Amino acid sequence: MALQFEVLGRFNRARAARLTLPHYQCQTPLFMPVGTQGTIKGLATNQLEEIGCQIILGNTYHLALRPTTELIDELGGLHEFMNWPRALLTDSGGFQMVSLLDLAEITEEGVTFRSPVDGKPMLLTPEQSIRFQNQIGADIIMALDDVVKTTITGPRIEEAMYRTLRWIDRCIKAHEKPDTQNLFGIVQGGLDPVLRDICLRGMVDRDLPGYAIGGLAGGEDKDSFWRVVAQCTASLPEDKPRYVMGVGYPLDIVVCSALGADMYDCVYPTRTARFGTALVPAGVLKLTHNAMADDIRPIDPACACMVCKNYSRAYIHSMVTKDAMGSQLLSYHNLHYMMKLSRDLHSSILHGKFPEFVCKFLQNMVLIFTLHIDVFCCLKSTHIHDAYDHRWDIVNPLTVTTGQLVLLDLSLHPAPRF
Amino acid sequence: MKFVVDAWSKGGGRAGVLQVGSCPALIETPALLLSTRKALPNFIPPDLLRSLPSPDSRLLQFSPLHFLEGPSANTISDIGGVRSLVSLHEFGFAAIPRDSTAILPEFDCTNKLGASFNTPSGRHLLKPAEYMRMLAAMKPDIWASLSDEVPSRATDKRNKLSVDRTVKWLDECIALSPPGTAGFGAIVGGWDALERQRCAQEVAKRNVSGYWIGGFGLEETSDQITSQLLRVVVENLPEEKPRLVSGLGLPEEVLRGVAQGIDLFDSAYIHQLTTGGFALTFPFEAAKRHSISDGMSDGTKINLRADVYRKDTSPIMKSCHCYTCMNHTKAYINHLLNVREMLAQTLLEIHNTYHYLGFFQFIRRVVKEGRFQEFHQEFIETRRGHSRVVPADDVCA
């Protein structure tokens, strides 16, 4: 095991911890931006440090295609290659194959797919995935799992869960650098609590450095999503980091943290920036909207980032989706927002002010929603009057359901029952 | 704006000092204007822009026509002008209608009312009064008057017309000149030395702070004719005012301009190198220049897309102190180019700008030391020698 995980503070199930990895001492909860091909959309590594990024995620599948993991290994690993002094995490490569390639086929041996380079059939086995990740050299590497869409039902879910358990043993066996790289196991089992429980027990038995909750954030309804997260965090060991894969909406991160998760990753903040959307305490601000054309305020007047200190919505509006600099500046702001959210979660848990933080987080959404109704298109004017009384229902109608908030509410009270 | 010439080199070349608007630093000339898109460099974010040498990098060029895509002139005015818009308070800004990349004059559509430009948001006929309203809102330190630029292939009649219009528009621009800004009179005249002379003489009679020389870098170029035209223009201009030329960007072109007494250069050269995946690598000193022929270079630049850099863990230039060379390898930039990641352009624009600013610094030094002519001649000769040994299928051709 090449990490230390010390819980520094708790609030019920939520925890603030220090995660010491070979390349960086991180504070959790934390969000990991996705740098698919060894870079995060136009941002220089010193900017990422300035923003406060602690761990960057690299995609094994993409790196294996270009520049190849052999080359990265030969040149001293990904840290050296991209000149990133802090921590890195790589995924197994399996998810990309299943999600990006039509012709991927999963057998007991591994994932068979056609190479996008020359069309030849190729096979990614658990052993191969770990070998690639050993070559890349990230602080945290992920086991190859059998990924199925959460919207699929039936025996395929069960098959995938058991296969994931069989594959974890092959991954552990293939892992050549346990002293410098931490192999995380991934809990599968779809939305079925019984399957999830079997997988949880199996993974915990393997005593891995950390665990991920996989197979979520794939289009399932939010109530099911929270239940799985709550079940998994309740059963995973207290002294190991817990990573919810593919989660990146700020509200989801707050709720998962309340449920005791520690790490998150998603392309959302940088992808949405490229489409002209900024993350703000109220939710999102669409810079492409005509209302921004003459708005001389910063994206978020309360934000201390380089972009908000210097640029108006009007200026960003003129650049987004047109000029490279527009998406660079918005990506910078959005990642800054995510890092600040991570820091606020950590410090509020540490200082026993987690419920206050969560309430303020939700209230901010409500307040700004009502003040800038023209910009935030989710609400109809009839809701404004009721905003304060029924805020649980309207915080963000696109992503929040009453069930989640009940769950959140429960987790903020003593002795939650799950 | 203040400008003083303080050194002349034997055989051409002058060095001076320029101070503009609220940019407190004195900018030494000959100087390079950094090209921008909406007043920020194309790919260098503002925090890294400050890592470039100061005050050398403090003069930015922009086209008011960039802002056809917004923000509106009123909004820019409310924000406090272009300097506040991009929050680069210690920088100087020069407004020039064309930008040599995305905003180019379309002389066939220009008429007596105004100059026509092709822009990313379509063709635009810019009239003098509209242009000056834009400038009043944007408040650049320096602006070039509206001109009717024509390429070398324009007929004599059309060329003559372009001079007439440009001089007429200059008077209209001067009449509407925003307070506190320095207007540079535009000089055109195509490839006709007599028309160039006529235009320069007319503009020299006007009350302007400096001169902008247009008509270059639009289509084909000729080294000899460029020098001749610049000579004719400069001969007819007063010594004490700065001369800015657009469209001369190659090292040889810059040296040719300096030799004729040009002080300020604005071109798309760095932008074109950067988007093409090239990095400048030429040493300024002659002695070093002979030794770098490795077959992958034309002696000026390298193509980082080339496979040979796949495993090259050295920086673009070991001796370079730019952010890119201090932090990244050729192998990494090669990878970023291969996977079409935007950071490649950011890193290349930083290096190329840094390197070219160094070239200008070196030019100023040799001018002050009185050995510009030697340097110029020797530079051209080694380049000629070099182009003979470079194979025809060179990746950098």
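Starting from 1, residues in each chain are numbered consecutively following that chain's sequence as written. Just so you know, chain letters begin at A and ligand numbers begin at 1, following the order they were written in. Per-residue local features are limited, in this predicted model, to residues with pLDDT of at least 70; the limit for side-chain atom pairs, both in listing and counting, is 80 or more; totals at the level of whole chains, interfaces and linings are taken over all residues. Only hydrogens and water are removed before side-chain values are computed, so all heavy atoms of the structure are retained for them.

Bringing the domain arrangement of chain A into the picture now. Interface size is commonly expressed as the accessible area that is lost once the parts come together. Residues and elements named next belong to chain A. Each domain's extent was defined by an automatic or database domain assignment. The domain boundaries assigned to chain A delineate domain 1 (4-265) and domain 2 (274-337 + 353-367). Domain 1 and domain 2 are separated by 29 Å when their C-alpha centres are compared. Contacts were defined at the residue level, with two residues in contact if any of their heavy atoms lie within 4.5 Å. Listed as interface residues are 17 residues of domain 1 and, on the opposing side, 14 residues of domain 2. Here the buried area means the combined drop in accessible surface, using a 1.4 Å probe, for two parts upon being joined, counting both sides. Of the roughly 1300 Å² buried between domain 1 and domain 2 on both sides combined, carbon and sulfur atoms contribute 82%. Of all residues in domain 1, the largest losses of buried area upon contact with domain 2 belong to Lys-41, Ile-51 and Val-254, amounting jointly to 36% of the total for that side. Whenever Lys or Arg places a side-chain nitrogen within 4 Å of a carboxyl oxygen from Asp or Glu, that contact is recorded as a salt bridge. Our enumeration of links across domain 1 and domain 2 arrives at zero salt bridges. In protein, a polar contact means a hydrogen-donor-capable atom and an acceptor-capable atom, both N or O and within 3.5 Å, with residues adjacent in sequence counting only if both atoms are side-chain atoms; elsewhere, any N or O pair within 3.5 Å suffices. For the pair domain 1 and domain 2, the interface holds one residue pair in polar contact (both at pLDDT 80 or more). Helix numbering and strand numbering both begin at the N terminus, where a helix is a DSSP run of H or I of at least 4 residues and a strand a DSSP run of E of at least 2. Looking at the side of domain 1 that touches domain 2, the elements that each hand over two or more residues are strand 4 (30-33), helix 1 (45-51) and helix 10 (250-258). Residues are sorted three ways: Asp, Glu, Lys and Arg are charged, Ala, Val, Leu, Ile, Met, Phe, Trp, Tyr, Cys and Pro are nonpolar, and all the rest, Gly among them, are polar. Split into classes, the residues belonging to the side of domain 1 that touches domain 2 amount to twelve nonpolar, three polar and two charged.

Let us look at the environment of Pro-24 of chain B. Residues and elements named next belong to chain B. In this structure, Pro-24 sits in the loop between strand 2 (14-19) and strand 3 (27-29). A relative accessible area of 57% means that Pro-24 is categorised as exposed. Separated by 111 residues in the primary sequence, Pro-24 and Leu-135 place their C-alpha atoms 21 Å from one another. With residues near it in sequence (within four places) discarded, Pro-24 still touches Gln-19 and Glu-90. Only protein chains enter the area calculation, which uses a 1.4 Å probe; residues under 20% of their type maximum are buried, those over 50% are exposed, and those in between are partly exposed.

Pairing of aromatic rings covers Phe, Tyr and Trp, the last through its six-membered ring, and needs centres within 6.5 Å; plane angles under 30 degrees mean stacked, over 60 mean edge-to-face, and all others mean tilted. Using the criterion set out here, one finds 21 aromatic pairs over all chains in the structure. Ring centres of Tyr-61 of chain A and Phe-113 of chain A lie 6.3 Å apart, and the angle between their planes is 65°; this geometry places the pair in the edge-to-face category. On the criterion of sequence distance, the pair formed by Tyr-61 of chain A in helix 2 (residues 60-65) and Phe-113 of chain A in strand 8 (residues 111-114) is long-range, its members being 52 residues apart. Take Tyr-61 of chain A and Phe-113 of chain A: they sit in the same class, and that class is buried. Look at Phe-282 of chain B and Phe-379 of chain B: their rings are 5.9 Å apart centre to centre, the planes differ by 80°, and that puts the pair in the edge-to-face class. Of this pair, Phe-282 of chain B sits in the loop between strand 17 (278-280) and helix 10 (286-289) while Phe-379 of chain B is found in helix 14 (residues 372-389), placing the two residues 97 residues apart along the sequence. For Phe-282 of chain B, a relative accessible area of 1% puts it in the buried group.

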